[in-house]
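Here is how the chains run, residue by residue.
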Amino acid sequence: MKTQRLLVVLTVINLGLLVFLLAQTRVHIGSQGVHDDQGRTRAAINLHPADQTRSYPETAIFRLIDQNGRPSVKLSTSERGGGLALVSDAENTYVQLSGRGLTATKDGRHQAIP
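Reference entry: report on the structure contained in this document. (Residues numbered from 1 in each chain as written. Predicted model: local features only at pLDDT ≥ 70, side-chain atom pairs only at ≥ 80, totals over all residues. Heavy atoms only, no water.)

In terms of regular secondary structure, the chain is built from one helix and nine strands. In sequence order, the secondary structure elements of the chain are arranged as α-β-β-β-β-β-β-β-β-β. Seen along its three principal axes, the alpha-carbon backbone of the chain occupies a region of about 65 × 35 × 30 Å. Per-residue burial over the chain gives 16% buried out of 114 residues. Counting contacts in the chain only where the partners sit at least 6 residues apart, residues at least 24 apart contribute 4% of the total. Summing over all exposed atoms, the chain offers an accessible surface of approximately 9,100 Å²; the carbon and sulfur share of this is 58%. Measuring between centres, the 13 positive side-chain charges of the chain sit 9 Å from its 9 negative side-chain charges. (Helix = DSSP H or I, 4+ residues; strand = E, 2+ residues; numbered from the N terminus. Buried < 20%, exposed > 50% of the residue type's maximum accessible area, 1.4 Å probe, protein only. Contact = heavy atoms within 4.5 Å. Areas by Shrake-Rupley, 256 points an atom, 1.4 Å probe, with all protein chains shown as cover. Lys, Arg positive; Asp, Glu negative; His and termini not counted. Charge placed at Lys NZ, Arg CZ, Asp CG, Glu CD.)

As structure tokens, then:
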């Protein structure tokens, strides 16, 4: 019986902490994505239609955006497969992982990694 009371008390405390933490979170979800307190978009999911003139398939992209408005993480998928890009704050420096391989670009120099 004591164990059951302890579990009930812990559950109530956890629910109270959850409500408190959710009340402190200031995230706004709008049509353009998730926004922070200053109204800056911090995450977005976009669907880009297929472009038959350039043979691009329909693509869904999830972006995590830093405080400066630059997408730092991109996760995408299309009928050609998925991809992950991690972007640095340095200009032209990023890493891309896709079904076709791993690519690193630093200072504009493109390098495929076997």
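Turning our attention to the sheet that holds strand β8 (residues 101-106). What the nine strands build is an open sheet, ordered β1-β2-β3-β4-β5-β6-β7-β8-β9; its pairing is antiparallel. The open sheet terminates on both sides in strands that have one partner only, identified here as β1 (28-30) and β9 (109-113). Pairwise comparison of adjacent strand axes, ignoring direction, gives a mean angle of 15 degrees for this sheet. In this sheet, strand β6 (residues 81-87) lies alongside strand β5 (residues 71-78) in antiparallel orientation, the contact comprising six bridges. Note on β6: the bridge partner recorded for Lys 74 is Ala 85. (Pairing = 2+ DSSP bridges. Axes fitted to C-alpha atoms, helices over the stretch in contact; angles between N-to-C directions.)

Each regular strand shows side chains that alternate between the opposite faces of the sheet. Residue alternation in strand β4 (residues 59-65) divides its side chains into a buried set, Thr 59, Ile 61, Arg 63 and Ile 65, and an unburied set, Ala 60, Phe 62 and Leu 64. The pairing of strand β3 (residues 41-48) with β4 spans six bridges and is classified as antiparallel. Following the sheet pairing, His 48 is matched in β4 by Thr 59. Note: β4 against β5, seven bridges, orientation antiparallel. Looking at β5, one finds that Phe 62 is bridged to Leu 75.

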